[in-house]
Structures are given as C-alpha cells and as structure tokens.
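# Residue-level structural notes
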Amino acid sequence: MTEYAVEVNHVSKRYMQLQDTAMLLKSIMPFNRPKRDIFMAVKDVNFTVEPGETVGILGRNGAGKSTLMRMVAGVSAPTEGMIRVRGRIAPLLSVGVGFHREMSGRENIYVNGMLLGLSQEEVAERFDAIVDFSEVGDFIETPVKFYSTGMFMRLGFAVAVHVSPQILLLDEVLAVGDVAFQLKCFDRMRELQNRGTTVVMVSHSMHAIRLLCPRVLLFRKGVLEFDGDAEAAISAHHHFLNLDSAEDHFGHTGMPAIVAGRTVQRNGVDTSAAEHDDEVEVTWTIRFDIPVQSPQAVFRVLAEDGTLAYSMHTRFGTEWRDFAAGDTAEFRVKFQPRFGGGGTFRLLLDVTDTKGHVVIGTDTHGPNLYVPPRMGTAGLGDALAEVFIADRIMSDHPELTMIDARTAPVSEPQT
Amino acid sequence: MELHPEPTRLQPWLREIWGYRDVISILVRKDFQTRYKRASLGILWAVFLPLIQALVFVAIFSRVGHFQHLKYSYPIYVLSGTLAWSYYSTAASVSSTAIVDGATLTDKVWFPRCSLVIVPVFSNLFGLFTSMVLLLAAMPLFHAHYTLRLFLLIPAMVWCILFAFGFGLCTSALHVYFRDVRFIVQAAVLIWFYVTPIVYPASALKSIGPYFAYNPMTGIINLFQYAAAGRFGPMGKGFLVSAVATVLLLVIGLHAHRRRDRLFVDLL
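First, a word on what this report is: a plain description of the structure on this page. Just so it is clear, the model here is predicted, and its values are computed rather than measured. (Residues numbered from 1 in each chain as written. Chains lettered and ligands numbered in written order. Predicted model: local features only at pLDDT ≥ 70, side-chain atom pairs only at ≥ 80, totals over all residues. Heavy atoms only, no water.)

This part covers the overall build of chain A. Per the secondary structure count, chain A includes eight helices and 22 strands. Considering only residue pairs separated by 6 or more positions, chain A has 72% of its internal contacts joining residues 24 or more positions apart. For chain A, the exposed area adds up to about 19,400 Å²; of that, 52% sits on carbon and sulfur atoms. (Helix = DSSP H or I, 4+ residues; strand = E, 2+ residues; numbered from the N terminus. Contact = heavy atoms within 4.5 Å. Areas by Shrake-Rupley, 256 points an atom, 1.4 Å probe, with all protein chains shown as cover.)

Here's what the structure looks like:
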C-alpha cells in the first residue's frame, strides 16, 4: 500500500453565514431567528498527493482553494470527510504567516519555528540562515508590526522553507517581493523539490504553476474539476474563466452600449487558448440603447499583472454609419497573439463616440486568452529573435505542443 | 495527522496540548516581556498596580467602614483579597479575548487553541507571586502574625489559577461566536469586585451578607484572606460554591474547546 503524503477523502466544508453580528443572541431567541445562509466552500473533494510530488492548485477567487489549504494545514476541520497528512507540514497561507505583531522578528522566528515543529535548539541552529534568506537584516530586532509587507512575507517564507518540512503548503505567496527575491524563492522551491519535499501550492501566476508544478488541480465553485497535466489544467482554467465571466457580467455595464455576447475563435472554433502564430478572432456583439453616430472602438490586451500588452484604436473621427437605439453591431477583431513569455491575457473592448473622446460602452470582463510561452522567451512582445553563437543558431527550441481547452477532460457546466 | 469532522477524543487532545508545552512556555515568556517592554519601570508595574489599588482601599475603607474593632488585621484582609483579585481580573479578562485576539497566529498554523488561553493565565503569575511576597513583607507593619495558616496561600493560588483558567476557557470560546463577550466580561469583572468580600467583610453588609457565599469567587478570596489575616466568619458554604464552580467551568470550558477548536478559525 502506498503511503500518501496528503490524502483528501470526500472532504466538504460548509460555512454558516449570518447577516449581522448579534447573531448568537438572536439565534437563541424563540422567534425571529436570523436567516442562516449555508455556503459550501468545498464539495466532496478527493485527491491524494504522493511524497515528493509538487501539485499546483488553480481556480478563481472563491473556488475553495484557500479553504482546502486551511484544512490540509489542520487549521480548520472539514464538515465531512477525512484528511490525512503524513510528515511535518509547513503551511504558508496568504499574506502574513503566524506572526505576533508586537514581537520582534527574532522572537517570531522562534515562535513560528516551534509552532512548525522545531525544537528551540533547532531554530537556533537555523536562525542565521533564516535571517540571511529573508534579507530583513538589522530589522530582526524590530517588532514585526513595523515591517513592510514584503519584509513580513519574506521572513515568513524564510522560516517555512528552513524548517525542513516534509510537506510545504503555499497559498499565493510566491507573488511577494521583488524579482530578485522571487527568483530566490523559485530556486529554494526547486531545491526542496529535489530533496523530496512534497509541495502543494495555490497560485494565480500561470508562470509559477507551469514552472514548478507537473500536476495541477483545478477548482471551480468548490468542486475539483480537473486533476492532471499542468498545461491542460491551465487551458481548462481559462475555459472556465471565460464561462464564468460570461455568466457573471453579461451586459451589466450600465452604459448606453452594452455587451450582448462575445466569442473567441481560433481557426473558426471557440477557444480560450491560442499559440503565437494562430489567427484569433474575437467578436463582441454590442447593443446600443441610444442612437449612436459612427461608433469607434479601442481593442486592448492586458497581461496578467494588468499592464497593457497591446492596444489599437479604430479611425477616430471618421463618419461612416449611424445606429438607432436597439440596433446591434458586431465588433470583430482579428489578431495574432505574439506575446513572448506567454500567460493569461485579457481581451477588452471599449466602444467610443466618433471622436474617441467618450466611452459609451466597455467590456470590463472581457474574455481571457491563454497563450503558452514560446520556449526560452519572456516579456510582453515577441520580437522573433534568433541567436547565433559562432554562426551556429542556438535559439531553435523544439516546439511546445498545446493542449486545447476543448480536448481537456472537463465536465461541461449546465446552463 | 488526521482530520475528521468529529472532535478529537479527550485523552489524545490533552496529550496534544502537553506536546505544545515548549511553545506555550515561550509564548508566556514573550507575552510577559512584551507587555512591560516599553515602560521604563518595566515589570515593576506588574506589582505596583495591584499594590497601589490595595493601599488606596485600605486607606479609604478603614476610615469609612469602621473596621478598627475587628479581631483580625483589616489592612491585611484587604491587601490579600485585592492582590488575589487583581491577578484574577487581569488573567480572566485577557484570556477571555485570547482566541479572537490571537487570530493572526491561529489563522495560519495549527496548534491547540486553548494554548492561547493558558498563556495569560501563566504570564500574569509573576505579578501574583511577587504580590504574595509583598503581602508577607507587609504583615508585620499591620500587626498580623506569621502563622502556619500562611501555607494555605499555595492552594489558594492554585485554586485561583484554575478558576481563572476555567473562566477564560468558557468565555474565550463564547467570545468567538459572540463578540459582546469582551465587554460583558469587562462589566462583570467590575461589578464582581464589589459583590465579593474584598474591601469589606461579608458580615458588614448585614442581611445580604450571607448571599455573598453564592458568589463563586468568595470562597477563593476567603481562602487568601483566611491564610493571611485569620478567621473572620463562616466560610464553608463559600468554599463549596467555589469548588463546584471551578470544576464546572473547567469541565464545560475544556469540553467546548475540545469540540470546537478547529472551527474557531472559521469565525475569526
């Protein structure tokens, strides 16, 4: 029989939400009991993690990822099911680990290290390495309430990776710190992986997931939707992102031009992922609630961190056609996603007046497109660089094959 | 480690808490140090505050209350009661909010939540111990004699600690669900002080005096006073009520924590 590092067996978590704070007083009254909203954060989840495996967890906010992590960390008990964890576990959940604000960095290293299962002597042995790694320097004697968010996180990460955990839980922590520190974290993670540490990590960064996790679990609305290969999970994740944003936000812009529909196609087929050379066609169906003369548009592509990857606007100032209230028009954009480092890109459309001065409609929740990276490249653009060393081309990476969202084994949602 | 919806059974649960004794002791030490770190008089405040309070009570009530003709030393009676009460009120009110106030710690990493209740109960002990030493030092000044009864201070302190712990366990668990508990405890401790025979003997209240015996702190405080000042009236019923209350609070509090400690975090 295999000894799993983490075993999650038919686990559900139910939360009771009560509207106001005087809940207890009211709920013991014989009449007029407050309505209790029951909310299933995690529904009947099953999976196991082998020792030494690294598993990424993907999902939108509120998909139940953090709830699950808290249960695996042992902080919160499941409502149903069973969780078994073998070995010393170091949880690093969300911003701010278990630090006591009034205590100094030094004291917190001791308390935290001991809470994570080290003896006082073991913490003392590792103390210098932790301080070194965290780069907090002289601030080590300062109460952590005076720390910057970055210092706080760095110290937390430093403690967690130095307690030699058998299992490391990371919830959204690799995104902290400057680039240099992030690289250091990646290195350290790699080192832990090589040493056989089991890692379960939640991240919204496709980059981190792809780099570190061969296997990914995809959560949606508390349900484990997909368990398998990272690329397939990322594609499926984007498929759901687009489905969900369509459900949540269709036509609720409160503007005179509203989005009545949108599709993203690659080679004539609906998609949520595309490669650099693919021709992608995104179509917005816009309904005008007021008469509009010669509308124009701005097409924008945002990268994961919100920076503008690309934008183009139409010929502002051109008089071409009037639309009456109630008319619909298709805005169709054809493009090639030549984004070097790849990632998740959000496609946005602003509908403007003729001169481009007034936005009369905007798709704030535009569809997401996942573009896998071209091997060896990073950055927003794709300059199609070729590198020769002593006249030998050294940049000819083998091609990546992309798994299409439609072929990823996911269950279709009911509508 | 295994996690089920069902709470851990009592024995493994208690064993787990025992396993965290190193962490608890370091938390106690840090709690004690950080509290007085910034004050120039430092930990002396842990002793000064209750002492000043007690001396004020002695100075005022010995004039107002006409307690000069008692068979025991009234100042020592007040001093012993106030010093014990001072420990109890601090430990009880801090521990009652311990779970919620420790949210930054509990949110991220598992350890038995009742450790947080244990911490203030122990970190305030320094004040209690030094208070007792000062009490002994003050006895000759107020014409009290050293007797073997003074050894009763030891069980009195243990009892007071257990009662504060039981009270803290119950109220801290309630506080998670019902945030008004913080203020209710503050108000209760304030009123409680005056309905406990600390600055005046129960007999001084004539007809309502006997009802004081139903106050669960009466027996504990009486033991301190008896140990330091000597016999001053009937105490049997007070002891019984205090003993029953201590056991009840501990049983209910431990039960509540055992059943709920992995659910507290969901409401923080």
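Don't stop here, the text continues.
On to helix α7 (residues 115-123) of chain B, then. Counting buried positions over the nine residues of α7 of chain B gives eight, a clear majority of the element. Among the residues making up α7 of chain B, those that are buried are Ser-115, Leu-116, Val-117, Ile-118, Val-119, Pro-120, Val-121 and Ser-123 of chain B. (Buried < 20%, exposed > 50% of the residue type's maximum accessible area, 1.4 Å probe, protein only.)

Residues and elements named next belong to chain A. Not every positive phi belongs to a glycine, and Asp-44 is a case in point at roughly 45 degrees. Note that Asp-44 resides in strand β2 (residues 36-49). The backbone of Ser-294 sits at a positive phi, close to 45 degrees, despite the residue not being glycine. Among the secondary structure elements, Ser-294 is positioned in the loop between β13 (292-293) and β14 (296-302). Residue classification places Ser-294 among the buried residues on the basis of a relative accessible area of 1%.

Glancing now at the packing of aromatic side chains. One pass over the structure, following the stated rule, counts 23 aromatic pairs over all chains. Here the aromatic residues Phe-57, Trp-85, Tyr-88, Phe-163, Phe-167, Trp-192, Phe-193 and Tyr-194 of chain B are joined through ring pairs into a cluster of three or more. Stacked on the ring of Phe-133 of chain A, the Lys or Arg Lys-184 of chain A has its end atom at 4.8 Å from the ring centre. (Phe/Tyr/Trp six-rings, centres within 6.5 Å; stacked < 30°, edge-to-face > 60°. Lys NZ or Arg CZ within 6 Å of the ring centre and 35° of its normal.)

We now examine the pattern of salt bridges. Residues and elements named next belong to chain A. Considering all chains together, one arrives at 19 salt bridges over all chains under this definition. Residue Glu-135 pairs with Lys-184 through a salt bridge whose shortest N-O separation is 2.7 Å. Here the residue Glu-135 occupies a position in the loop between α4 (120-134) and α5 (149-162), and Lys-184 occupies one in helix α6 (residues 179-194), the gap between them amounting to 49 residues. We note a salt bridge from Arg-262 to Asp-363, for which the minimum N-O separation is 2.6 Å. Of this pair, Arg-262 sits in strand β10 (residues 257-266) while Asp-363 sits in the loop between β19 (359-362) and β20 (368-371), and the two are 101 residues apart along the sequence. Both residues of the pair, Arg-262 and Asp-363, belong to the buried class. Where salt bridges share partners, they join Glu-53, Arg-215 and Asp-227 into one cluster. (Salt bridge = Lys/Arg side-chain N within 4 Å of Asp/Glu carboxyl O.)

The pairing of strand β18 (residues 343-352) of chain A with β19 of chain A spans three bridges and is antiparallel. Considered in β19 of chain A, the bridge of Thr-352 of chain A is made with Val-359 of chain A. (Pairing = 2+ DSSP bridges.)

For the rest of this paragraph, the subject is the packing of helix α4 (residues 74-96) of chain B against α7 of chain B. Residue and element names in this part refer to chain B. One way to put it is that α4 packs onto α7 with a least axis distance of 9 Å and a crossing angle of 160 degrees. One finds that α4 runs roughly antiparallel with respect to α7. In this structure, α4 crosses over α7, and the sense of that crossing is right-handed. Contacts from Tyr-87, Ala-91, Val-94 and Ser-95 of α4 reach α7 at Val-117, Pro-120 and Val-121. (Axes fitted to C-alpha atoms, helices over the stretch in contact; angles between N-to-C directions. Parallel < 35°, antiparallel > 145°, perpendicular 65-115°, else oblique. Left-handed = near helix turned anticlockwise from the far one by under 90°.)

On to the state of the cysteines. Per the counting criterion, the structure on display carries zero disulfides over all chains. Just so you know, Cys-170 of chain B is unpaired, no disulfide at all, and the nearest cysteine sulfur is the one on Cys-114 of chain B, 12 Å from it. (Disulfide = S-S within 2.5 Å.)

The subject of this paragraph is the side chain of Thr-362 of chain A. All names here are of chain A. Positionally, Thr-362 belongs in strand β19. In this structure the side chain of Thr-362 is engaged in a polar contact, spanning 3.5 Å, whose partner is the backbone oxygen of Leu-349. Only 2.4 Å separates the side chain of Thr-362 from the side chain of Asp-350, close enough to count as a polar contact. (Polar contact = N/O pair within 3.5 Å; in protein donor to acceptor, adjacent residues only side chain to side chain.)

We now examine the nonpolar core. Ile-109, Phe-157 and Leu-168 of chain A together with Trp-85, Tyr-87, Tyr-88 and Phe-224 of chain B are the most contacted members of the largest nonpolar core, which totals 137 residues. By residue number, the principal contributor to this core is helix α9 (residues 153-177) of chain B, which donates 15 residues. When near neighbours in sequence (up to four residues on either side) are disregarded, Tyr-87 of chain B contacts Val-121, Asn-124, Leu-125, Leu-128, Cys-160, Ile-161 and Ala-164 of chain B. Formed by 29 residues, the second largest nonpolar core is a distinct cluster that contains Ile-57, Met-71, Ile-83 and Ile-89 of chain A. (Core = buried A, V, L, I, M, F, W, Y, C linked by side-chain atoms within 4.5 Å.)

This part is about the interface of chain B and chain A. On the side of chain A, 41 residues touch chain B, which itself brings 32 residues to the contact. Contact with chain A buries area across many residues of chain B, yet Met-1, Leu-3 and Lys-108 of chain B alone supply 22% of it, more than any other trio. Between Lys-13 of chain A and Asp-266 of chain B there is a salt bridge, and its shortest N-O distance comes to 2.6 Å. For the pair chain B and chain A, the interface holds five residue pairs in polar contact (both at pLDDT 80 or more). Mapped by element, the contributors of at least two residues to the side of chain B that touches chain A are β1 (2-3), α2 (21-36), α6 (103-106) and α9 of chain B. The element best represented in the side of chain B that touches chain A is α2 of chain B, accounting for eight residues. A breakdown of the residues in the side of chain B that touches chain A according to their chemical character gives 16 nonpolar, five polar and 11 charged. The pairing of strand β4 (residues 80-85) of chain A with β1 of chain B spans two bridges and is antiparallel. Bridging from a neighbouring strand, Arg-84 of chain A pairs with Glu-2 of chain B of β1 of chain B. (Buried area = accessible area lost by both parts, 1.4 Å probe. Nonpolar A, V, L, I, M, F, W, Y, C, P; charged D, E, K, R; others polar.)

Below, the discussion takes up the sheet that holds strand β17 (residues 328-335) of chain A. All names here are of chain A. Pairing in this open sheet of four strands is antiparallel, and the strands run β11-β10-β12-β17 from one edge to the other. Of all strands in the sheet, those bounded by a partner on one side alone are β11 (269-270) and β17. Sheet analysis places strand β12 (residues 280-288) next to β17, joined by eight bridges and oriented antiparallel. Following the sheet pairing, Arg-287 is matched in β17 by Thr-328.

Okay, the side chain of Thr-218 of chain B next. Residue and element names in this part refer to chain B. Here Thr-218 shows up in helix α11 (residues 216-229). A relative accessible area of 3% places Thr-218 in the buried class. Once you skip the residues sitting within four places of it in the chain, Thr-218 turns out to touch Thr-196, Pro-197, Phe-212, Ala-213 and Ser-242.

On to the sheet that holds strand β6 (residues 167-171) of chain A, then. Residues and elements named next belong to chain A. The six strands lie next to each other as β5-β6-β7-β3-β8-β9, forming an open sheet whose pairing is mixed. Each edge of the sheet is formed by a strand with only one pairing partner; in this case those strands are β5 (89-93) and β9 (223-229). Pairwise comparison of adjacent strand axes, ignoring direction, gives a mean angle of 15 degrees for this sheet. Looking at chain direction, β5 and β6 are connected through five bridges and run parallel. Within β6, the residue paired with Leu-93 across the bridge is Asp-171. In this fold α5 packs onto β5 and β6, with an angle of close to 165 degrees to the strand it touches most, β5.

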